[in-house]
Amino acid sequence: MKHVDITETNLKEICRFERNLDDIMGESIRANFVCKSHYRITAEDVRAALERVKREKITFEQFYAEWYELISDTFKDAVEFYKSMGAHPIIVRDAEEISYIEYPEYTLTKKEKYVLAYVFEKIEEMCHTAEMEDCVCDVMDLDMCIDCITFYLEDKEKPVWSRRYVDEIKTKYIVERENCYDKMSGAELSAYKRFVEQLCKKNNVEALRIKGYATYGGNELYPCDWKKSRDCLLKLVELTDDPYPANTLGYIYYYGRCSGGVPDYELAYKYFSMGAMGGIYESIYKIADMYINGYYVHQSLDRAENLCAFVYEENLKLMEKGRFDSKFADAAFRMGNLARLKGDNIYAIQEAYFYYMQAEYAIAMRKNVVNYYGDSTVEARIIEARKNVEDILDEAGIAIRLKRFAMDYPWFFTNMCSEGTRCLLTYKKQKDNRYELTVERVPRMDTDKSKSILMTVCCVGFCKLVDKVSVILDDPETIWTVNNEKSVLFDAIRMSQDQDGDGVVVFYFDDQVVATIKDGVYIFKKPKDDLSNEIVRMARVTFGRTDRTYDYICDLEDVKEGDTVVVPGYDGETEATVVDVYEKNVNLLPYPIERYKKVIRKA
């Protein structure tokens with residue numbers, strides 16, 4: 001059978017979409033072809049092919065059969081298709097042009113294969129969605145792909161930060177490098193800001209978001225400019241369904257940040273309402289603040305309490321699942337404030353103390369994992385409120401610093417098995433008719449419930465996430481467990497009375513009685529690690545790679561905010577910047593004191 005030789009010129013014509021295979025084969029269309037030559041496809045070839053597709057409004061069927069299938073399959077080796085575009089993109093480092101690791105589709109580089117990889121990624125996306133009869137112009141952004149290649153060809157000799165890039169690449173770049181401003185060179189930061197400004201003019205939502213939040217308080221990219229922040233956020237509210245810009249606008253109007261400190265509560269309520277409808281907890285409790293104070297709305301403590309209670313309950317669930325970045329501290333603090341506002345008796349003060357203890361514990365946990373704007377101020381307000389009610393309780397003779405307390409019914413056992421959580425009850429005999437009772441949560445394997453529960457016992461100043469609680473049972477009349485087991489599972493607990501009127505605590509599992517305890521006194525002892533009155537000096541530091549902060553014990557009295565210190569790191573001694581220095585009772589540290597490392601010295 002006759003063979004037709006596919007020459008280097010033929011391959012170039014195919015790559016540029018100037019001729020198809022039928023044209024080259026001519027009258028020998030039924031003959032076999034042999035490809036002994038090689039021709040590496042270039043960016044110019046791809047641009048010429050796409051320009052023809054655009055000019056002649058070629059259908060997807062023709063585009064695929066006469067060009068894309070030929071270069072990506074039939075002649076893929078001859079035109080070095082995969083080598084030309086980096087067929088299997090991997091993380092790369094190009095030290096001459098960029099100072100960070102990046103994926104090819106995000107790259108700002110002069111390497112041709114990454115430009116081709118980007119264009120062919122767009123073609124592949126189109127291939128998965130287009131119908132045969134579709135015009136390629138209607139299902140693919142040909143102009144963007146052509147521009148991408150043109151910018152590369154015309155600007156490749158320019159410095160990387162001076163070149164032009166299509167909007168999609170600029171968008172990916174600014175998102176990928178967001179919050180890395182402290183690592184950027186002056187040229188990179190200038191280019192980054194230029195990209196943001198160019199995209200903002202086109203109402204690009206990512207650029208508007210970056211500029212809107214950068215100018216909200218200021219950072220390395222932009223100085224603080226509340227009006228620019230407001231304008232960007234207003235556009236985002238118009239362009240997207242994202243409730244977070246509305247929430248931030250609520251704060252801008254609530255505190256009068258664009259009007260010399262004069263609030264606009266009507267607009268604050270409008271945007272907080274939009275945030276609340278989007279499920280933003282901050283918006284919900286800020287509306288509650290407006291009801292507390294009667295700002296724009298009629299004052300209503302009941303409405304405020306309903307809103308705060310919702311945020312409290314929802315964020316308590318998050319807190320107990322280990323989401324320490326939640327808004328639980330803010331909600332608990334407001335619940336404490338509302339307790340004081342709604343009642344002026346000692347019971348209201350005790351209720352407020354309960355919430356303030358939880359808020360103080362939660363804010364300490366949160367500051368350990370995130371660095372929210374204003375959290376130090378929030379923590380100071382919580383501590384001040386807690387100390388204030390402590391003084392009132394002390395004057396009233398209400399115990400809040402006991403080492404132990406006794407009760408007739410172990411109410412926190414009920415909390416441990418809330419929502420049907422399985423618990424293991426274990427008891428051990430001690431001397432003089434005393435028993436140690438321990439309850440440990442045992443969630444089912446098929447649930448996402450955390451083992452921990454926030455346990456707050458005000459009279460001993462105890463507030464912590466726990467998954468196990470122990471008490472001493474003193475002088476019970478009887479203890480009964482099914483089959484006389486020393487440990488039994490239960491998922492519910494009730495207080496009952498026997499026929500003689502004596503109190504009986506009944507434990508159930510799957511609606512079956514598995515244990516009973518008649519009479520006796522339950523004694524809760526504050527854990528030994530919570531008995532210390534030691535105050536420790538702490539330094540909160542950042543390593544500059546992220547916004548996350550870390551706490552270290554700081555025995556050096558001359559260390560202050562802004563100092564550079566040396567601390568133990570993952571790879572030995574590491575320099576870090578001090579962002580806060582504070583003192584705290586070891587009882588209120590989120591983790592045991594032995595888990596904290598010490599500041600070694602000032603740098």
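Owing to the predicted nature of the structure, the values given are computational and were not obtained by experimental measurement.

End to end, helix α15 (residues 281-293) covers 19 Å across 13 residues, agreeing with the expected 18 Å (1.5 Å per residue, within 8%). By the criterion of burial, α15 is predominantly enclosed, with 11 of the 13 residues buried. Looking at α15, one finds that the buried residues are E282, S283, I284, Y285, K286, I287, A288, D289, M290, Y291 and I292. Looking at the buried positions of α15, the neighbouring elements they touch are α13 (244-254), α14 (265-277), α16 (301-320) and α17 (328-342).

Attention now moves to the packing of helix α9 (residues 167-176) against helix α10 (residues 186-200). One way to put it is that α9 packs onto α10 with a least axis distance of 10 Å and a crossing angle of 125 degrees. The angle between α9 and α10 falls in the class oblique. Taken as a pair, α9 and α10 cross one another with a handedness that is left-handed. Counting all contacts with α9, which are made through D167, K170, T171, Y173 and I174, the residues of α10 involved are E188, Y192, F195, V196, Q198 and L199. Its residues placed into classes, the contact of α9 with α10 shows 6 nonpolar, 2 polar and 3 charged.

A separate point is the pattern of salt bridges. Applying the stated criterion to the full structure yields 43 salt bridges. As a salt-bridge pair, E125 and K122 come within 3.6 Å of each other at their nearest N and O atoms. With a gap of 3 residues between them, E125 and K122 both fall in helix α6 (residues 112-127), about one helical turn apart. Two residues, R164 and E154, come together in a salt bridge whose shortest N-O distance is 2.6 Å. With R164 in the loop between α8 (142-155) and α9 and E154 in helix α8, this pair connects stretches of sequence that are 10 residues apart. In this structure R164 comes out as partly exposed when scored by relative accessible area, which is 36%. Bridged by salt links that share partners, the residues E360, R386, E390, D394 and R401 form one connected network.

It is worth spelling out the environment of S37 at this point. Checked against the element boundaries, S37 lands in the loop between β2 (32-34) and α3 (43-56). Exposure remark for S37: the relative accessible area of 22% places this residue in the partly exposed category. Sequence spacing of S37 and L425 is 388 residues, and the spatial spacing of their C-alpha atoms is 80 Å. Apart from residues no more than four positions distant in its own chain, S37 is found in contact with I6, T7, E8, L11 and A78.

It is worth spelling out the confidence of the model for the chain at this point. Of all residues in the chain, 91% have pLDDT values of 70 or greater, and the mean over the chain is 87. Contacts of residues 87-106 to residues separated by more than four positions or lying in other chains number 36 contacts, the stretch itself having pLDDT below 50.

Relative to the helices and strands, K367 is located in helix α18 (residues 346-369). Given the relative accessible area of 4%, K367 is considered buried. Beyond its immediate chain neighbours, meaning those up to four positions away, K367 contacts D375, S376, E379, R540, T549 and D580.

Calculation rules
Residues numbered from 1 in each chain as written. Predicted model: local features only at pLDDT ≥ 70, side-chain atom pairs only at ≥ 80, totals over all residues. Heavy atoms only, no water. Helix = DSSP H or I, 4+ residues; strand = E, 2+ residues; numbered from the N terminus. Expected span 1.5 Å × (residues − 1). Buried < 20%, exposed > 50% of the residue type's maximum accessible area, 1.4 Å probe, protein only. Contact = heavy atoms within 4.5 Å. Axes fitted to C-alpha atoms, helices over the stretch in contact; angles between N-to-C directions. Parallel < 35°, antiparallel > 145°, perpendicular 65-115°, else oblique. Left-handed = near helix turned anticlockwise from the far one by under 90°. Nonpolar A, V, L, I, M, F, W, Y, C, P; charged D, E, K, R; others polar. Salt bridge = Lys/Arg side-chain N within 4 Å of Asp/Glu carboxyl O. pLDDT = per-residue confidence, 0-100.

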